[in-house]
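Observations on the three-dimensional arrangement
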Amino acid sequence: MSSDHFVHESSYVDDGASIGKGTKIWHFCHIMPGAEIGERCSLGQNVVVMPGTRIGNNVKIQNNVSIYEGVVLEDDVFCGPSCVFTNVLTPRSHVSRKDEYQRTLVRRGASIGANATVVCGITIGEYAFIGAGAVVTADAPAYSLMVGVPARRVGWMCQCGERLHLVGVGATCERCGSRYREEGGRLAPIDSRSGTR
């Protein structure tokens, strides 16, 4: 095992898994063959990362999360405690559906709250914020604040994690000063002072 990352003695990293420099894997985790984990990530207790998954750099995965085959987490993603990913739309114990795995993409900087469920086959946009307990059944736009069952957009979020308040079609973050413009039901940064771009 490489000394450029940390794996707690209670965790298992199978041969064929790739773990980046500075990543920390804490208690009772299992990283399976073919899993790719980037640099400076942190995996809390009882995290399972299945084959065929890709996790970017600086990703934080809290306790009791399973990253199933077909899930891609880009850089700077946050997964709250016990959030749930799926990879089959119509699972049955007695029917093999391994050839029906759906891809789920979580774009850069997105946050998924505790106990949220992400139904497979969707994309969560950059810096989207999924509220605790939400059930995401469709694509979440970049910078969106999504809550409820099923999840719906109730607002917009800054890259720094502050909720934005539109004035007309524009918004300026009260915390970091980043500016945004809403067009066609989408939010785009005009400039960013949060240091992420």
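Everything in this summary refers to the structure shown in the same document. (Residues numbered from 1 in each chain as written. Predicted model: local features only at pLDDT ≥ 70, side-chain atom pairs only at ≥ 80, totals over all residues. Heavy atoms only, no water.)

1. Regarding the overall build of the chain
This is how it is decided: The helix and strand labels rest on DSSP assignments: H or I over at least four residues marks a helix, E over at least two residues marks a strand, and numbering proceeds from the N terminus. A radius of gyration in this sense is built from C-alpha atoms; the matching globule rule multiplies 2.2 Å by the number of residues raised to 0.38. Relative accessibility under 20% of the residue-type maximum defines a buried residue, over 50% an exposed one, and the middle range a partly exposed one, all with a 1.4 Å probe and only protein chains included. The contact criterion used is simple: two residues touch if any of their non-hydrogen atoms lie within 4.5 Å. The sign given to each residue is positive for Lys and Arg and negative for Asp and Glu; His and the chain ends receive no count. Where a charge lies is defined by one atom per residue type, namely NZ (Lys), CZ (Arg), CG (Asp) and CD (Glu).
A tally of helices and strands in the chain yields zero helices and 26 strands. At 17 Å, the chain has a C-alpha radius of gyration in line with the 16 Å of a compact globule built from 197 residues. On the principal axes, the C-alpha backbone points of the chain span a range of 55 × 45 × 20 Å. Looking at the chain residue by residue over its 197 residues, the buried ones come to 40%. Here the contacts in the chain between residues at least 6 apart in sequence split such that 17% fall between residues at least 24 apart. Side-chain charges in the chain split into 20 positive and 19 negative, and the spacing between the mean points of these groups amounts to 6 Å.

2. Observations regarding the state of the cysteines
Applicable threshold: The term disulfide is used for any two cysteine sulfur atoms that are within 2.5 Å.
Following the criterion strictly, the structure yields zero disulfides and no others. Lacking any disulfide linkage, cysteine 29 is separated from the closest cysteine sulfur, that of cysteine 41, by 12 Å. Sulfur of cysteine 158: no disulfide; nearest cysteine sulfur belongs to cysteine 176 and is 3.5 Å away. On the basis of relative accessibility, which here comes to 2%, the residue cysteine 158 falls in the buried class.

3. Focus on the sheet that holds strand S21 (residues 144-147)
Keep this limit in mind: Two strands pair under a simple rule: DSSP has to find at least two bridges between them.
Strand order across the open sheet formed by 10 strands is S1-S4-S7-S10-S13-S16-S19-S21-S22-S23, with mixed pairing between neighbours. Each of the sheet's edge strands pairs with one partner strand only, and the pair in question is strand S1 (6-7) and strand S23 (163-164). Strand direction decides the pairing type here: S1 and strand S4 (residues 24-25), joined by two bridges, are parallel. The residue of S4 that forms the bridge with valine 7 is isoleucine 25.

4. Here's the deal with the layout of surface pockets
We count it as follows: Cavity: a set of points on a 1 Å grid over the protein atoms alone where a 1.4 Å probe fits but cannot get out. Pocket: an open set with protein on both sides within 12 Å along at least five of seven lines, its lining residues, like those of a cavity, having an atom within 4 Å of a point. Grid points are joined across faces, edges and corners, and a volume is the space filled by probe spheres set on the points. Three classes are used: nonpolar for Ala, Val, Leu, Ile, Met, Phe, Trp, Tyr, Cys and Pro, charged for Asp, Glu, Lys and Arg, and polar for all others, with Gly counted as polar.
Looking at the largest pocket, its volume works out to about 210 Å³. Along the wall of the largest pocket there are 15 residues; nearest its centre are Asp76, Gly109, Ser111, Tyr127 and Gln159. When grouped by side-chain class, the residues that make up the lining of the largest pocket number seven nonpolar, six polar and two charged.

5. Section: the sheet that holds strand S9 (residues 54-55)
The strand order S3-S6-S9-S12-S15-S18 describes an open sheet built from six strands, whose pairing is parallel. With partners counted over all chains shown, the strands left at the sheet margins are strand S3 (18-19) and strand S18 (123-124), one partner each. Note: S3 against strand S6 (residues 36-37), two bridges, orientation parallel. What sits directly across from isoleucine 19, in S6, is isoleucine 37.

6. Overview of the pairing of strand S25 (residues 179-183)
Note: strand S24 (residues 170-172) against S25, three bridges, orientation antiparallel. What sits directly across from alanine 171, in S25, is tyrosine 180. Counting the residues in the hairpin turn of S24 and S25 gives six residues, including glycine 177, whose phi is positive at 85 degrees.

7. Points about the packing of aromatic side chains
The geometry of an aromatic ring pair is captured by the separation of the ring centres together with the interplanar angle, meaning the angle of the planes. Threshold: Working definition: rings of Phe, Tyr and Trp (its six-membered ring) pair if their centres are within 6.5 Å, and the pair is stacked with planes under 30 degrees apart, edge-to-face with planes over 60 apart, and tilted otherwise.
Tallied over the entire structure, the rule returns three aromatic pairs. Look at phenylalanine 6 and tryptophan 26: their rings are 4.9 Å apart centre to centre, the planes differ by 50 degrees, and that puts the pair in the tilted class. Of the two residues, phenylalanine 6 sits in strand S1 while tryptophan 26 sits in the loop between S4 and strand S5 (30-31), which places them 20 residues apart along the sequence. Given a relative accessible area of 33%, phenylalanine 6 falls into the partly exposed group.

8. Quick notes on unusual backbone geometry
Look at the link from valine 149 to proline 150: it is a cis peptide, with omega at -10 degrees. By secondary structure assignment, the location of proline 150 is in the loop between S21 and strand S22 (152-157). Within the chain, asparagine 46 stands out as a residue other than glycine whose phi angle is a positive 60 degrees. Examined against the element boundaries, asparagine 46 turns out to sit in the loop between strand S7 (42-43) and strand S8 (48-49). The exposure class assigned to asparagine 46 is partly exposed, which follows from its relative accessible area of 38%. Even without a glycine there, the phi angle at aspartate 76 is positive, about 65 degrees. Considering the arrangement of structural elements, one finds aspartate 76 in the loop between strand S12 (71-73) and strand S13 (78-79). In this structure aspartate 76 comes out as partly exposed when scored by relative accessible area, which is 28%.

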